[in-house]
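Report on the structure
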Amino acid sequence: MSTGTESTYPAVYDLIGIGFGPSNIAISGALVEKWTALSNRVLFIEKHPSFQWHPGMLLPGAQMQISFMKDLATLRSPQSPLTFVNYLHSQGRLSAFINRGSLTPSRKEFADYLGWAARYVEAQGVNVNYGQEVVAINESMDGLITVTSITLADGKLNSFITRNLVVSPGGRARIPNVVVPFIKEPSIVARSTLLHSSEYKHRIGELLESITSERQRPLRIAVIGGGQSAAEVTMNLHGLLNDIPAGDGPIGHQVDMLLRKGSLKPSDDTPFSNEIFDPEVTNDWFSTSEQGRERIMAEYKATNYSVVNPRTIDALYEIIYDQEVDEAIGARDSTVFTPHPRITIRSHMHIPSLKYDTGSKKFVFTLQNVRTREVFENESYDAVVCATGYQRNSWTKMLRASDRLGKRFGIDDSASDIPIKLVPFAQRVADTANLDQPQDSPLSSVSSTPTSVVTTPPISPGAENVVKQESSPTEVVKLYITRNYRLLPMASTKTMQDGSAEGLKARIYIQGLEESTHGLSDTLLSVVSCRAGEVVDDLLNND
Ligand code: NAP
């Protein structure tokens, strides 16, 4: 990796990683196995003040949904010191874990394992700057990359230079359009009663305390979404509200799940379907045509997105059934029950508008059932949780803003409205042959191929009750990526033997952001261990 020609800089890192979650810990683990081949100048920059893994959804009782063997190392190297089995052994729990008779640990235990692994690689010489957020990347004068971070505690700017960059920032909260105005302005009072599931555990205690002290009860809370996070949040809220007196009336607190679909759908965790997450499948996925990849994605989406683990569905159904039993007994016997919180699943719900009433301090929804077309006005909720999943494109903003570096890859700020699309590098040959424009123009990589656009369901009478697919000509900037997760510079820039561009010596890798080219397992833990090995091998490969 090190060419030894950049000695004018006092501290040039061989590798800087943005983020220090599972992907980059796994890369560290694969790297420390090869320290002899490296000069071990490796730095990871992580915005959390210490190692954390989805802390906002670390809810009591939450279980992992994949086998412990899909840890940071086993599938790549079962002998690695970083395996979950080695962690269990080090904690004196190996026998007890075996006695449990389950392949899936709790999320609490897996988070502890990841923290243990982070400490292990740090002890081996991997540097981690916690509490810093990377705010810019750019090309340095000698073709390396400068990385600028801000220390979150004091606002100090830090600058580093690296020969290689690996970008693994994880997902960012996806917020429905109707909710965005309330999120964007953190000073407005509405924000204090609005959460995304990713921040749920940190904020829900304070939120409930504030609304119970100042409002009339019973409380009413909306959970938007019908995936695993929505189900777990709903059940957790049900438990928390159970401990808060609902007032003197006959009605308890209410938690309403607002789903777009007709019901909660189970995740497909069956063995044949699970093969889609095998590391070997990445090759097939990467070499398949774009249409083929889209088709496989649609076919297998229910293994992961907008679905709920069947055990969680059963537990939620049991709660709802039990409340029906209570209500029936209460109605028949005129018994005065202490009212329990009530969960209602409101399916087929579209949210045409959302307001905030500053008088009552409540969110006021207009809802429409897209199947029956019935409209529900003035639906007031004391708080709203968006369990609406994650998006993974915010990292491209840094590349767009990086001017010289962005242009190396065919993108810059002047095309900021045009979406960036990852494309397997083999496609570049065909694309280059088709280009009429000069190849060094940033827009030379723009395609006008028709692209699928998903619109929200219309609400006018006569409208269909399903999400509508439209075709419209959409421009995209293509960003070429190799099988080993390295972004390739523009074809017009002379490509060197090592895959870097003339003048640009640094390599950029991305992790967990390339589902469209590398497959469904990309955002999950399934291939993390193998992927880390592939990236490290590529880093060391100068052919
Ligand atoms: P998700 O699976 O992407 O589900 C998002 C939900 O939000 C879907 O029901 C979606 O509805 C809905 N939604 C998105 N945008 C919306 C909008 N604009 N208006 C209304 N509804 C909207 O997200 P997730 O539940 O957070 O799960 C993400 C990943 O984390 C999954 O891999 C999951 O397995 C994992 N996870 C794991 C655990 C665990 O291991 N225990 C816990 C939580 C999450 P549609 O279905 O209509 O699109």
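Presented here is a report on the structure given in the accompanying data block. (Residues numbered from 1 in each chain as written. Predicted model: local features only at pLDDT ≥ 70, side-chain atom pairs only at ≥ 80, totals over all residues. Heavy atoms only, no water.)

**Things to note about empty space enclosed by the protein**
Spelled out, the test is: Two kinds of site are reported from a 1 Å grid over the protein atoms alone, namely cavities, where a 1.4 Å probe fits but cannot get out, and pockets, open sets with protein on both sides within 12 Å along at least five of seven lines, and residues are called lining when an atom falls within 4 Å of a point. Grid points are joined across faces, edges and corners, and a volume is the space filled by probe spheres set on the points. Asp, Glu, Lys and Arg are counted as charged, while Ala, Val, Leu, Ile, Met, Phe, Trp, Tyr, Cys and Pro are counted as nonpolar; the rest, among them Gly, fall into the polar class. Strands here mean DSSP runs of E at least two residues long; helices mean DSSP runs of H or I at least four residues long; both are numbered from the N terminus.
In this structure the tally under the stated criterion is two cavities of 30 Å³ or more. What lines the largest cavity is Ile18, Ile137, Val167, Trp395, Met398, Leu399, Leu487 and Ile508. Of the residues assigned to the lining of the largest cavity, the class counts are eight nonpolar, no polar and no charged. What lines the second largest cavity is Pro279, Thr282, Arg483, Tyr485, Val527, Cys530, Arg531 and Glu534. Among the elements that make up the lining of the second largest cavity, the one with the highest residue count is helix H16 (residues 528-540) (three residues).

**Describing the site of the ligand**
As a reminder of what qualifies: Here, proximity means that at least one heavy atom of the residue falls within 4 Å of the molecule or strand. We define a polar contact as two N or O atoms separated by no more than 3.5 Å, with the added condition that, inside protein, one atom must be a possible hydrogen donor and the other a possible acceptor, whereas residues neighbouring each other in sequence contribute only through side-chain atom pairs. Accessible surface area values rest on a Shrake-Rupley calculation with a 1.4 Å probe, where residue burial reflects the displayed protein chains alone.
Taken together, 23 residues sit near the ligand, with Arg107, Gly226, Ser229, Lys261 and Asn304 positioned nearest. A distance of 2.4 Å separates an oxygen atom of the ligand from a polar side-chain atom of Asn304. Between the ligand and Ser306 there is a distance of 2.8 Å, counted from an oxygen atom to a backbone nitrogen or oxygen. In the complex, the protein chains occlude 84% of the 920 Å² of accessible area that the ligand would expose alone. Counting residues per element, the shell around the ligand draws most heavily on helix H7 (residues 228-242), at three residues.

**Some thoughts on unusual backbone geometry**
Cis geometry marks the peptide bond from Arg217 to Pro218; its omega dihedral reads 5°. Structurally, Pro218 is set in the loop between helix H6 (200-214) and strand S11 (220-224). Located in the positive-phi region is Asn378, a residue other than glycine, with phi close to 50°. Structurally, Asn378 can be placed in strand S16 (residues 375-381).

**Quick word on the packing of helix H1 (residues 22-32) against H16**
Spelled out, the test is: All axes here are fitted lines through C-alpha atoms, helices being fitted over the stretch that makes contact, and every angle between N-to-C directions spans 0 to 180 degrees. The scheme is simple: roughly parallel for angles under 35 degrees, roughly antiparallel for over 145, roughly perpendicular for 65 to 115, oblique for anything else. Take the far helix as your reference; a near helix turned counterclockwise from it by less than a right angle gives a left-handed crossing, and one turned clockwise gives a right-handed crossing. In this analysis, two residues are considered to be in contact whenever any of their non-hydrogen atoms come within 4.5 Å of each other.
Put simply, H1 and H16 touch, their axes get as near as 8 Å, and they point 55° apart. Judged on the interaxial angle alone, H16 and H1 are oblique. Crossing handedness for the pair H1 and H16: right-handed. Residues Pro22, Ser23, Ala26, Ile27, Ala30 and Leu31 of H1 form the contact with H16, whose participating residues are Val528, Arg531, Ala532, Gly533, Val535 and Val536. Here the residues of the contact of H1 with H16 are counted per class, giving nine nonpolar, two polar and one charged.

**Some points on the pattern of salt bridges**
For the record, the criterion: What counts as a salt bridge is simple: a side-chain nitrogen of Lys or Arg found within 4 Å of a carboxyl oxygen of Asp or Glu. Partly exposed describes any residue whose relative accessible area lies between the buried limit of under 20% and the exposed limit of over 50%, with all areas from a 1.4 Å probe on protein chains only and scaled to the type maximum.
For the structure shown, the criterion picks out 20 salt bridges. Note that Arg191 and Glu199 form a salt bridge whose closest N and O atoms lie 3.4 Å from each other. A single burial state applies to Arg191 and to Glu199, both of which are buried. For the salt bridge of Arg220 with Glu379, the shortest nitrogen-to-oxygen distance reads 2.8 Å. With a gap of 159 residues between them, Arg220 in strand S11 and Glu379 in strand S16 connect regions that are remote in the sequence.

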